[in-house]
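# Notes for the structure review
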Amino acid sequence: QVQLVESGGGLVQAGGSLRLSCAASGRTFSSYGMGWFRQAPGKEREFVAGISRSGGIIYYTDSVKGRFTISRDNAKNTVFLQMNSLKPEDTANYYCAAARYTPTQGTGAGGMDYWGKGTLVTVFS
């Protein structure tokens with residue numbers, strides 16, 4: 001089993017940056033593909049970015065390409081999401097999730113095995 005804890009959310013002005021972190025428990029972190037999802041009020045949870053077990057394969061949803069960067073440090077059991085050029089429409093709860101495969105743009109929330117509790121990102125104009 002994997003336990004995930006996100007951090008790094010907050011309030012930021014449009015155009016600013018935030019770096020989210022997700023710390024995983026257990027010794028099998030490198031066995032999981034990792035993903036970041038987000039859920040805005042009144043909307044479904046959606047895929048943001050995914051990274052393979054080794055970090056060599058990465059996917060992004062179109063709306064964040066060129067602005068967000070996902071990465072992982074398997075030695076520290078941590079996955080990151082660097083978010084630059086933030087927009088008000090990026091406002092959401094951001095969740096870290098783990099699966100036995102690499103999550104892609106087509107991965108729905110139901111396809112992930114483990115979830116963190118989320119961290120809130122609020123972008124104001």
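What comes next concerns the included structure. (Residues numbered from 1 in each chain as written. Predicted model: local features only at pLDDT ≥ 70, side-chain atom pairs only at ≥ 80, totals over all residues. Heavy atoms only, no water.)

What follows covers the overall build of the protein. For the protein, the count of helices and strands is zero helices and eleven strands. Across the protein, helices and strands are ordered from the amino to the carboxyl terminus as β-β-β-β-β-β-β-β-β-β-β. Taken over the C-alpha trace, the protein has a radius of gyration of 13 Å; the compact-globule value for 125 residues is 14 Å, and the two agree within 12%. C-alpha extents for the protein along the principal axes are approximately 40 × 25 × 25 Å. Per-residue burial over the protein gives 42% buried out of 125 residues. Taking the intrachain contacts of the protein between residues at least 6 apart in sequence as the baseline, contacts between residues at least 24 apart amount to 59%. Carbon together with sulfur atoms contributes 46% to the accessible area of the protein, which is approximately 6200 Å² in total. Treating the 13 positive side-chain charges of the protein as one cloud and the 8 negative ones as another, the clouds have centres 7 Å apart. (Helix = DSSP H or I, 4+ residues; strand = E, 2+ residues; numbered from the N terminus. Rg over C-alpha atoms; globule rule 2.2 N^0.38 Å. Buried < 20%, exposed > 50% of the residue type's maximum accessible area, 1.4 Å probe, protein only. Contact = heavy atoms within 4.5 Å. Areas by Shrake-Rupley, 256 points an atom, 1.4 Å probe, with all protein chains shown as cover. Lys, Arg positive; Asp, Glu negative; His and termini not counted. Charge placed at Lys NZ, Arg CZ, Asp CG, Glu CD.)

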